[in-house]
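These are the residues of each chain, in order.
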Amino acid sequence: MSTNVILKEVSVYHPKKVMNNDYYVTHFQRQGNDIGRLLDALGRENRYVADYKTETTLTMAIAASKQVLEESSLSGKDLDMIVFVSGTPEYFWPPNAVAIHQALQGKEEVIVYDMNVACVGMVVAVEQVSRNMLANPNIQRALIVGSEQMHRYANEEDAVTYASFGDGAAAVILEKNQTDNSGFIDSAYKVNTESIDKITFPACGVSNMFNASIADRDKKIKWENVNNDNAFMSTVELIEKLLKRNHVSTNEVQAFCFSQLSRKNIYKVKETFNEDIKKFPIVGTDYGYTGSASPFMAFERAVRTGQVKKGDYVIFWSVGAGTAACAMLYKY
C-alpha cells in the first residue's frame, strides 16, 4: 500500500433551460448559412443555457460544489484546498474560489485560488493539485470545480461558437489515501502557439472593454478558423508517450475522457487507437461544448453509467484555445 491522490467523487451541474439544434439551424438559415453538417461534425443535439439574469459561472460552481460534497458525505470544513477553474469567470478578484469557500462554510486554514488555462483548465487543475497534494502533508482533500458560460459570450453571427457552446459545471473531490496502485499516475503537456491570436476572449482585450467605439461583437469570443484536426491528432502522440512511460497499453484504458469540442475528431482519435467507441464517452450531444468542464462531464457520465469502475485506467485530455494541451493518466 502507498499514499496517493484518488478521484473520490465527481458531479455535474447544468442549467434548466435546454436549447436544441432547431433554434440554431433556423437562426443561421436567416443569415443564409446552413450549419447542419457543422452540427453533425461537432456532435451537437442539445445544450443547456443559463438564465443570465440570475445565473453566473460562480453560482453554477457553488451548486456543483455543494452537490459533490453531498455525494461525498463531506462538508466545506473537510476541504484543505478549493480551486475554481474557468475561462469565463464572474470576477477577476477577489478569487471566485473565496466566494465558493464562503458558500460552503469552509474552515480558515485552507488554500483557495482561481485557475484559467482556457478549455484545458480543469485537466490541468486536477493534475497540478494532485501533485501539490502529494508534496504537501497538510492537504488531505481538495475541491476542484470548473464552470463555464461560453454561450453567454458567443458571437451570434458565428456558428462554431453560438450554435455549439453550452453552459455547465463539473466538480471533483480529490482525496489523499492509502491505495493499492490507484489514483494519480502521470501527465504530459504540449504547447503550440501558432494559433495564439486566433481564439481569444474578449476579442478586443480587457483593456478595450469599455471603449465605446468598439462594437459589442468584438468584445465577445473571437474564434477564427483553426486547424483543430492537428490539435486533436497531436493527442495521439501525447497519450502514446504518457502510456509508454507508465507501461500501460491503450486496451487497458477503460475511458478516454476528452474535450467535447468535436465529435468528429474524437472519432479520428478512436480510429487511430483502434479502440471501441464506447471507451470515448461523448456528452457534447447533451451538454453542448462546455470548455474546461467538458472532460469531467464525460468522466461523470462514464462513472454514473458503470463504464468506469474502481481500478480502471482513465485518460483525460483537452487543449486550451488551440495552444496548450495536457493528457493525464489516473487509475480510478
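The rules behind each value
One numbering rule holds for all chains: residues counted from 1, following each sequence as written. A pLDDT threshold of at least 70 governs which residues receive local features in this predicted model, and a stricter bar of 80 or more applies before side-chain atom pairs are shown or counted, although totals over entire chains, interfaces and linings include all residues. Only hydrogens and water are set aside when side-chain values are computed; all heavy atoms of the structure are taken into account. At least two DSSP bridges between two strands are needed for those strands to be called paired. In this description a helix means any DSSP run of H or I spanning at least four residues, a strand means any run of E spanning at least two, and both kinds are numbered starting from the N terminus. Comment: axis = line fitted to C-alpha atoms, over the contacting stretch for helices; angle = value between 0 and 180 degrees taken between N-to-C directions. Every residue pair with non-hydrogen atoms within 4.5 Å of one another is taken to be in contact. Whether a residue is buried, partly exposed or exposed follows from its accessible area with a 1.4 Å probe, protein chains only, as a fraction of its type maximum: under 20%, in between, or over 50%, in that order. Boundaries between domains were set according to an automatic or database domain assignment. Once two parts are joined, some of their accessible surface, as seen by a 1.4 Å probe, is lost; buried area is that loss totalled over both. Salt-bridge detection follows one rule: a side-chain nitrogen of Lys or Arg within 4 Å of a carboxyl oxygen of Asp or Glu. Here a cavity is any set of points on a 1 Å grid over the protein atoms alone where a 1.4 Å probe fits but cannot get out, and a pocket is any open set with protein on both sides within 12 Å along at least 5 of 7 lines; a residue lines the site when it has an atom within 4 Å of a point. Grid points are joined across faces, edges and corners, and a volume is the space filled by probe spheres set on the points. All amino acids are sorted into three groups, where Ala, Val, Leu, Ile, Met, Phe, Trp, Tyr, Cys and Pro are nonpolar, Asp, Glu, Lys and Arg are charged, and the leftover types, Gly among them, are polar. UniProt positions are given in the numbering used here, feature names are shortened, and annotations may be inferred rather than shown by experiment.

Spatial strand order, β1-β7-β6-β4-β5: five strands in an open sheet with mixed pairing. Strand pairing shows two members of the sheet lacking a second neighbour, β1 (2-13) and β5 (111-115), which therefore form its edges. Each neighbouring strand pair of the sheet contributes to a mean axis angle of 15°, computed without reference to strand direction. Sheet topology places β1 next to strand β7 (residues 167-179); eleven bridges connect them, and they run antiparallel. Looking at β7, one finds that T3 is bridged to Q178. Relative to the sheet, helix α3 (residues 57-72) contacts β1, β4 (81-85), β6 (141-149) and β7, its axis offset from that of β1 by approximately 125°. Sheet contacts for helix α5 (residues 121-135): β1, β4, β5, β6 and β7; angle to β7, the most-contacted strand, approximately 20°.

As a further point, take the pairing of β4. Most of β4 sits inside the fold, with five of its five residues counted as buried. Both faces of β4 are covered, namely the face carrying M81, V83 and V85 and the face carrying I82 and F84. Strand direction decides the pairing type here: β4 and β5, joined by five bridges, are parallel. The partner of I82 across the bridge, within β5, is V112.

Most of strand β11 (residues 253-258) is tucked away: five of the six residues are buried. For β11 and strand β12 (residues 313-320), the ladder comprises five bridges, and the chain directions are parallel. The residue of β12 that forms the bridge with A255 is V314.

Here the domain parsing of the chain yields domain 1 (4-177) and domain 2 (183-331). Using C-alpha coordinates to define each centre, domain 1 is positioned 14 Å away from domain 2. Opposite the 56 residues of domain 1 that make contact, domain 2 presents 43 residues. In total, about 4,000 Å² of surface goes out of reach between domain 1 and domain 2, with carbon and sulfur atoms giving 65% of it. It is L7, C119 and V123 in domain 1 that bury the most area against domain 2; as a group they hold 15% of the surface buried on that side. Counting across the interface, domain 1 meets domain 2 through two salt bridges. As a salt-bridge pair, R263 and D40 come within 3.2 Å of each other at their nearest N and O atoms.

As a further point, take empty space enclosed by the protein. As enumerated under the stated definition, the model contains one cavity of 30 Å³ or more in all. In this model, the largest cavity occupies a volume close to 50 Å³. W223, L261, V319, A321 and G322 are the residues nearest the centre of the largest cavity, which is lined by ten residues in total. Its residues assigned to classes, the lining of the largest cavity shows seven nonpolar, three polar and no charged.

So, about the sheet that holds strand β8 (residues 183-191). Taken in spatial order, the four strands of this open sheet run β8-β13-β12-β11, and their pairing is mixed. Both outer strands of the open sheet, β8 and β11, are each paired with one neighbouring strand and no more. Between one strand and the next, the sheet's axes are offset by a mean angle of 15°, whatever the strand orientation. α5 rests against β8, β12 and β13 (324-331) of the sheet, and its axis sits at about 130° to β8.

Moving on to helix α10 (residues 294-304). In terms of burial, α10 is largely enclosed, as nine of its eleven residues are buried. What α10 keeps buried is the set S294, P295, F296, M297, A298, F299, E300, R301 and A302. Following α10 by one or two positions, G306 has its phi on the positive side, about 85°.

Time to look at the layout of surface pockets. Each pocket or cavity is described by its volume, and for the largest pocket that value is around 770 Å³. In terms of lining, the largest pocket is formed by 30 residues, of which the most central are G87, T88, P89, F201 and P202. Each of domain 1 (4-177) and domain 2 (183-331) gives at least three residues to the lining of the largest pocket.

Another point: the UniProt feature "domain: Beta-ketoacyl-[acyl-carrier-protein] synthase III C-terminal" (unreviewed entry) in the chain. Taking the UniProt record as the reference, the feature "domain: Beta-ketoacyl-[acyl-carrier-protein] synthase III C-terminal" (unreviewed entry) is found at residues 243-332. Within the segment residues 243-332, helix and strand shares are 32% and 24% respectively, and the terminal C-alpha atoms sit 16 Å apart.

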